[in-house]
Number of protein chains: 2
Amino acid sequence: MEKIDDDDLKQQLMTQCHFESLFGPKLAQHAELLHFKTQEYIVENGIQPEYLFYLVKGKAKLYDSLANGKDTLIDFFTPPCFIGEMELLDAQSEPFSVQVIDDCYCLALPVRKYRSQLLSDPTFLQNVCIYLSHKNARNIKTASRNQGFTLSQRLAAFILLTAHNGYYNEKHTQVAEYLGVSYRHLLFVIADFVKAGYLQKDQRGYQIADQKALQRLAWEVNSSDN
Amino acid sequence: MEKIDDDDLKQQLMTQCHFESLFGPKLAQHAELLHFKTQEYIVENGIQPEYLFYLVKGKAKLYDSLANGKDTLIDFFTPPCFIGEMELLDAQSEPFSVQVIDDCYCLALPVRKYRSQLLSDPTFLQNVCIYLSHKNARNIKTASRNQGFTLSQRLAAFILLTAHNGYYNEKHTQVAEYLGVSYRHLLFVIADFVKAGYLQKDQRGYQIADQKALQRLAWEVNSSDN
DNA sequence: CACTAAGTATGAGAAATCTCACACTAGGAG
DNA sequence: CTCCTAGTGTGAGATTTCTCATACTTAGTG
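Structure report, in brief. (Residues numbered from 1 in each chain as written. Chains lettered and ligands numbered in written order. Predicted model: local features only at pLDDT ≥ 70, side-chain atom pairs only at ≥ 80, totals over all residues. Heavy atoms only, no water.)

### Brief notes about empty space enclosed by the protein
Across all of its chains, the model carries three cavities of 30 Å³ or more by this definition. Considered as a void within the structure, the largest cavity measures approximately 270 Å³ in volume. Residue lining of the largest cavity: 21 residues in total, with Asn139(A), Ala143(A), Asn139(B), Ala143(B) and Ser144(B) positioned closest to the centre. When contributions to the lining of the largest cavity are tallied by element, the ones reaching two or more residues are β5 (71-77) and α4 (122-148) of chain A together with β5 (71-77) and α4 (122-148) of chain B. (1 Å grid on protein atoms, 1.4 Å probe; cavity = no way out; pocket = protein on both sides within 12 Å on 5 of 7 lines; lining within 4 Å. Points joined across faces, edges and corners; volume = space filled by probe spheres on them. Helix = DSSP H or I, 4+ residues; strand = E, 2+ residues; numbered from the N terminus.)

### Notes on the environment of Ala191(B)
By secondary structure assignment, the location of Ala191(B) is in helix α7 (residues 183-196). Spatially, the C-alpha atom of Ala191(B) lies 19 Å from that of Phe149(B), the residues being 42 residues apart in sequence.

### Remarks on the pairing of β5(B)
Residues and elements named next belong to chain B. Of all the seven residues making up β5, five are buried; the element is thus mostly covered by neighbouring parts of the structure. Examined bridge by bridge, strand β4 (residues 51-65) and β5 share six bridges and lie antiparallel to one another. Residue pairing for β5: Ala-60 is matched across the bridge by Phe-77. Once β4 ends, the chain turns through five residues before running back antiparallel as β5, passing Gly-69 with a positive phi of about 90°. (Buried < 20%, exposed > 50% of the residue type's maximum accessible area, 1.4 Å probe, protein only. Pairing = 2+ DSSP bridges.)

### Some points on the environment of Arg138(A)
All names here are of chain A. Considering the arrangement of structural elements, one finds Arg-138 in helix α4. Judged by relative accessible area, which is 41%, Arg-138 ranks as partly exposed. Sequence separation between Arg-138 and Asp-75 is 63 residues, and the spatial gap between their C-alpha atoms is 8.3 Å. Those residues in contact with Arg-138 that lie beyond four places of it in its chain are Asp-75 and Phe-76. (Contact = heavy atoms within 4.5 Å.)

### What about the environment of Leu62(A)?
You can see Leu62(A) is positioned in strand β4 (residues 51-65). Excluding residues within four positions of it along the chain, Leu62(A) makes contact with Thr72(A), Leu73(A), Ile74(A), Asp75(A), Phe77(A), Phe96(A), Ser97(A), Val98(A) and Ile140(B).

### Description of the sheet that holds strand β8 (residues 167-168) of chain A
Residues and elements named next belong to chain A. With antiparallel pairing, three strands are arranged side by side in an open sheet as β8-β10-β9. Every interior strand has two partners, whereas the edge strands, β8 and β9 (199-202), have only one. Here four bridges tie β9 to strand β10 (residues 205-208), and the two strands are oriented antiparallel to one another. Its bridge partner being in β10, Gln-200 is matched across the sheet by Gln-207.

### Quick word on the relation of the copies chain A and chain B
By a simple turn and slide, chain A fits onto chain B: the slide is 0.0 Å along the axis, the RMSD is 0.1 Å, and the turn is 180°. Look at the turn and shift together and you get a two-fold axis relating the two. With an isologous cut-off of 70% or more, the 98% of interface residues of chain A that recur at the interface of chain B puts this contact in the isologous class. (Least-squares fit on C-alpha atoms with pLDDT ≥ 70 in both.)

### Thoughts on the pairing of strand β2 (residues 32-36) of chain B
All names here are of chain B. Buried residues dominate β2, accounting for five of its five residues. By the alternation rule, side chains of β2 split into Glu-32, Leu-34 and Phe-36 and Leu-33 and His-35, which are all buried. Pairing of strand β1 (residues 2-3) with β2 involves two bridges; the strand directions are antiparallel. Each residue of the ladder has a partner; that of Lys-3, found in β2, is Leu-34. In terms of strand pairing, β2 meets strand β7 (residues 97-110) through five bridges, oriented antiparallel. Bridge pairing in β7 links Leu-33 to Leu-107.

### Describing the layout of surface pockets
Empty pockets left among the atoms are what a rolling probe the size of a water molecule brings to light. Estimated volume of the largest pocket: approximately 1200 Å³. Lining the largest pocket are 43 residues, and of these Asp75(B), Arg138(B), Thr142(B), Leu161(B) and Tyr178(B) lie nearest its centre. At 11 residues, the largest contribution of residues to the lining of the largest pocket is made by α4(B). A per-class count over the lining of the largest pocket returns 19 nonpolar, 10 polar and 14 charged. Here the second largest pocket defines a volume of roughly 880 Å³. Taken together, 31 residues form the lining of the second largest pocket, with Asp75(A), Phe76(A), Phe158(A), Leu161(A) and Tyr178(A) sitting closest to its centre. Element by element, the count of residues in the lining of the second largest pocket is highest for α4(A), at eight residues. Inspection of the lining of the second largest pocket shows a minimum of three residues originating in each of domain 1 (2-146) and domain 2 (149-223) of chain A. (Nonpolar A, V, L, I, M, F, W, Y, C, P; charged D, E, K, R; others polar. Domains from an automatic or database assignment.)

### Overview of the protein's contact with DNA strand C
What surrounds DNA strand C is a group of 16 residues, the closest being Ser182(A), Tyr183(B), Arg184(B), Lys201(B) and Tyr206(B). In the interface set of DNA strand C, defined as its atoms within 4 Å of the protein, sugar plus phosphate atoms amount to 54%. Between DNA strand C and Thr150(A) there is a distance of 3.5 Å, counted from a phosphate oxygen to a side-chain nitrogen or oxygen. One of the side-chain nitrogen or oxygen atoms of Arg184(B) is found 2.5 Å away from a base oxygen of DNA strand C. (Near = heavy atom within 4 Å. Polar contact = N/O pair within 3.5 Å; in protein donor to acceptor, adjacent residues only side chain to side chain.)

### Some points on helix α8 (residues 211-223) of chain A
Residues and elements named next belong to chain A. Between its first and last C-alpha atoms α8 spans 17 Å; for 13 residues at 1.5 Å apiece the expected length is 18 Å, and the two agree. Residues Ala-213, Leu-214, Ala-218 and Val-221 constitute the buried set of α8. On its buried face, α8 is in contact with α4, α5 (151-162), α7 (183-195), β9 and β10. (Expected span 1.5 Å × (residues − 1).)

Any functional reading would require information that these geometric values do not contain.
Now the structure itself:
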């Protein structure tokens, strides 16, 4: 983590994501601009963060680490979003890990200094409430899908969701984590899709060869959305 | 659902769970006392509730219903807790089902009338924030356990958690839902426990016969807690 | 009393998923 | 250039979990 002392950049980012409107008067201006490199931890498992972060650029992921060494990927963070709000609200809580996927820029408020001010700021509280409730709803959806549908179904939905120009090109390791299955099993199901003619592999990656078949598989997953 | 017009009872329940301290001045007194019978829905899948509920007595469960007909049990509600706060915060959201397990009494504020007042009440907002973030943390823990551990491990932990006087006596159907596996599989694993001598069945239910073995199995699950 | 719904119980076979082992490739670091 | 790491890909076998079918018990209801 490094602090970036570029007020112009900071101002620009603040404007871009309407940072000031998240707080009551005069609070936003105390934010610092921080930068995190890929693989770095924004919040580390079990360690109380020093800041309340607001991700404005980059991409990160939320993990839960289990005692048996397994990690479960809970959610992705994409801008704009809060990070570390749980720990701000409840200093007792056990922080989950937040790890950077693509370089991240965060506007960050020092917790120690502004905690009490934040906790009595209705604008901020209302925004966090809404943010938390959306996040929770998303987590619930993801978790229940992981339980209720088979990998083929979820993968089909995921491929359709993330494909560009008819090509599917995601890192298998990350996808396996996200879909909550072993790497091996993911590869196995992808191989099935190729065998079944749903996908075709070439130099550029996996090409969608039978969109309708994938849609049929994904249908139930997606229609649980509303 | 039925409304209970018993001001004494209402007052008593309000005092018991410190209902008034959840809100700014004069808001709490507008709450009505509602009663729900077993199996009834407090919030129904996809239908915006008319109230913000605060469960003061009883027990209920939160479901997500998938398009393939499966239900995933997300969480239990035990008093005291909010119900319907997500829908209050964001009228667009898709409500999940909340179904009563044991008869429930709720203090309830009509959304239509008090929504804007609630959304600008810092005391209320702060309480909801903390509530939401705890709930979310619990959901994450449950979900990642369901993924990261085998049923034997989770069941062992669950048995130790819910046993009274050396006896395990929960409804298999509900437990299967909670642990996110099929009823059949749960019975299968319980049978295994009996075969292995961890449990013994008699008239009163399942008796814990080898606590140490169960603790060994549950160890990893529980030590992910902190 | 007969009927129904919910809970309990068990069998058999299939499907989904995991672990471990091994091999290959591409890119960055020294 | 060589080493190392991350990502990719495949095989074999074991484990976990699911579906379907079927049966018995119990409490509640008309």
